[in-house]
Amino acid sequence: MTAGNKPLSAHRRPLSAHKRIVIKIGSALLVDRKSGLRAAWLDALCADIAALKQAGADVLVVSSGAIALGRTVLGFAPAALRLEESQAAAAIGQIALARAWSTSLSAHDIVAGQILLTLGDTEERRRYLNARATMGELMRRGAVPIINENDTVATSEIRYGDNDRLAARVATMVGADLLVLMSDIDGLYTAPPASNPDARFLDVVEAITPDIEAMAGDAGSELSRGGMRTKIDAGKIATGAGCAMIIASGKIDHPLTAIDNGARSSWFKPSGTPQTARKTWIAGQLEPSGRLVIDAGAETALRSGKSLLPAGVTSVTGEFQRGDPVAVCDASGREIARGLSGYDAEEARRIAGRKSGEIEAILGYSGRAAMIHRDDMVIG
Ligand code: GLU
């Protein structure tokens, strides 16, 4: 894809200059409430994807639309659905959605592979590694993974609920260098443009500061801001892992070519200090399984780059297995670090406050000296 006549601003690079690109497509682009799937639009998008692959990039798609498609098939009235209704809609819609992607991509001799993920697949290390290996194998074989949340089985407590954050997690999982969030919003404004005439468009975001977060509003105003909150959350996950992010509108045909031709879009720069993939994964955990409260001496040790020893742990809450993510808090309860526990919760309770040399006598075997090894920990 070329940049057309208009020179690209300095912060913009052609999409094809990226090695691995995750593209998230919002439901409203793929599905029309009345007529169902927007097949011609999808065909044009797949031509853009084929061009990126031709240029040598790996492409992964996170596609919404299962619930929207299923509800048109089931003839649900345009009102909020109950959980079991949306799960039934997703069950029906996901088949049609996967078939649509597969058909459109096959016109370019590209094979599609469906992956349905739940929150646990990106949170739990063993499942995370497994999902990542599957996606890697698909890409090695030239296929395009078509990813969605496994909406039919996810319950409200264990679901993402939005594909923005799911797409960001996928991007960090596969080490992508670009995430494109494509929906009906063309980017980030300093205020809601519909209600505020002074709202200014931001074409580049150097870093996601508290000011930027404030522009997205809080979760309560999500509807009126067009879901900007989850997009900024996605930006934090992606840019923190060294992955650039673009918010762009997909309302026109060939929306990826349009970005290269200078279409309005907000570009989020990746953070200047790329963490290792392991640390990135730890820092991005949405739900730590437990909490360790530590004393002031242990906090000082942590901040100087040392591991967390059992002796500095004053209390252990939650149920977790060895290798699960836990939050590390100071005596006031403030989270200061996150890490992968070297012990399961029951063992951690028994050795908390004790010297590392006593571990063998307490547990009956010589475990690790550290409760959390420094390589497995990210400080605040
Ligand atoms: N997973 C949902 C679906 O396929 C979409 C979630 C979202 O729109 O972010 O319908």
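Quick caveat, the model's predicted, so the values are computed rather than measured.

1. Thoughts on the side chain of Ser86
- For Ser86, the location among the structural elements is in helix α4 (residues 83-106).
- On the basis of relative accessible area, Ser86 is assigned to the buried category, the value being 15%.
- Among the polar contacts listed, one links the side chain of Ser86 to the backbone oxygen of Leu83, at a separation of 3.0 Å.
- Those residues in contact with Ser86 that lie beyond four places of it in its chain are Ile67 and Leu81.

2. Focus: the sheet that holds strand β10 (residues 204-205)
- Strands sit in the order β5-β6-β4-β1-β7-β11-β12-β10 across an open sheet of 8 strands; the sheet is mixed. Two strands close off the open sheet at either side, each with one partner strand: β5 (112-117) and β10.
- By the bridge criterion, 4 bridges tie strand β11 (residues 244-249) to strand β12 (residues 265-268) in an arrangement that is antiparallel. For Met245, the partnering residue across the bridge sits in β12 and is Phe268.

3. Some remarks on the packing of helix α2 (residues 39-54) against α4
- It is the contact of α2 with α4, at a shortest axis distance of 9 Å, that shows an interaxial angle of 55 degrees. The angle between α2 and α4 falls in the class oblique. α4 is crossed by α2, and the crossing has right-handed handedness. Only Ala100, Trp101, Ser104 and Leu105 of α4 make contact with α2, whose side of the interface consists of Leu42, Asp43, Leu45, Cys46 and Ile49.
- By residue class, the composition of the contact of α2 with α4 is 7 nonpolar, 1 polar and 1 charged.

4. A word on the pattern of salt bridges
- All told, the structure shown has 18 salt bridges when counted by the stated rule.
- One salt bridge in this structure joins Glu137 and Arg140, with 2.9 Å as the shortest N-O distance. Linking Glu137 with Arg140, this pair stays in helix α6 (residues 125-140), spanning 3 residues, or about one helical turn.
- The class of Arg140 is exposed, set by a relative accessible area of 63%.
- As a salt-bridge pair, Arg229 and Glu213 come within 3.2 Å of each other at their nearest N and O atoms. Of this pair, Arg229 sits in helix α9 (residues 228-240) while Glu213 sits in helix α8 (residues 210-215), placing them 16 residues apart in sequence.
- Salt bridges linked by common partners bring Glu213, Arg229, Asp233 and Lys236 together as one network.

5. Description of α9
- The first and last C-alpha atoms of α9 sit 18 Å apart over 13 residues, in line with the 18 Å expected at 1.5 Å per residue.
- For α9, the tally of buried residues reaches 11 of 13 residues, placing the bulk of the element in the interior.
- Among the residues of α9, those classed as buried are Met228, Arg229, Thr230, Lys231, Ile232, Ala234, Gly235, Ile237, Ala238, Thr239 and Gly240.
- Backbone geometry just downstream of α9 places Gly242 in the positive-phi region, at approximately 80 degrees.

6. Observations concerning the packing of aromatic side chains
- For the structure on display, the rule yields 1 aromatic pair.
- Ring plane angle 70 degrees and centroid distance 5.1 Å describe the contact between Tyr189 and Phe201, whose orientation is recorded as edge-to-face. One end of the pair, Tyr189, is in strand β8 (residues 188-189); the other, Phe201, is in strand β9 (residues 201-202), and 12 residues separate them in sequence. Here Tyr189 matches Phe201 in class, with each residue buried.
- The ring of Phe201 carries the charged tip of Arg264 above its face, separated from the ring centre by 4.2 Å.

7. A look at the site of the ligand
- Every residue near the ligand is listed here: Ser27, Ser64, Gly65, Ala66, Ile67, Asn148, Asp151, Gly161, Asp162 and Asn163.
- A distance of 2.8 Å separates a nitrogen atom of the ligand from a polar side-chain atom of Asp151.
- At 2.7 Å, a backbone N or O of Asn163 approaches an oxygen atom of the ligand.
- In the complex, the protein chains occlude 84% of the 300 Å² of accessible area that the ligand would expose alone.
- Considered class by class, the residues forming the shell around the ligand number 2 nonpolar, 6 polar and 2 charged.

8. A few points about the confidence of the model for the protein chain
- When the pLDDT values of the protein chain are averaged, the result is 88; 92% of them are 70 or greater.
- The low-confidence segment residues 219-226 (pLDDT under 50) makes 12 contacts with residues lying over four places distant or belonging to another chain.

9. As for unusual backbone geometry
- If you check the backbone angles, Asp109 has positive phi at about 60 degrees while not being a glycine.
- For Asp109, a relative accessible area of 76% translates into the label exposed.
- At His254, a residue that is not glycine, the phi angle is positive and equals roughly 50 degrees.
- Positionally, His254 belongs in the loop between β11 and α10 (255-260).

The rules behind the values
Residues numbered from 1 in each chain as written. Predicted model: local features only at pLDDT ≥ 70, side-chain atom pairs only at ≥ 80, totals over all residues. Heavy atoms only, no water. Helix = DSSP H or I, 4+ residues; strand = E, 2+ residues; numbered from the N terminus. Buried < 20%, exposed > 50% of the residue type's maximum accessible area, 1.4 Å probe, protein only. Polar contact = N/O pair within 3.5 Å; in protein donor to acceptor, adjacent residues only side chain to side chain. Contact = heavy atoms within 4.5 Å. Pairing = 2+ DSSP bridges. Axes fitted to C-alpha atoms, helices over the stretch in contact; angles between N-to-C directions. Parallel < 35°, antiparallel > 145°, perpendicular 65-115°, else oblique. Left-handed = near helix turned anticlockwise from the far one by under 90°. Nonpolar A, V, L, I, M, F, W, Y, C, P; charged D, E, K, R; others polar. Salt bridge = Lys/Arg side-chain N within 4 Å of Asp/Glu carboxyl O. Expected span 1.5 Å × (residues − 1). Phe/Tyr/Trp six-rings, centres within 6.5 Å; stacked < 30°, edge-to-face > 60°. Lys NZ or Arg CZ within 6 Å of the ring centre and 35° of its normal. Near = heavy atom within 4 Å. Areas by Shrake-Rupley, 256 points an atom, 1.4 Å probe, with all protein chains shown as cover. pLDDT = per-residue confidence, 0-100.

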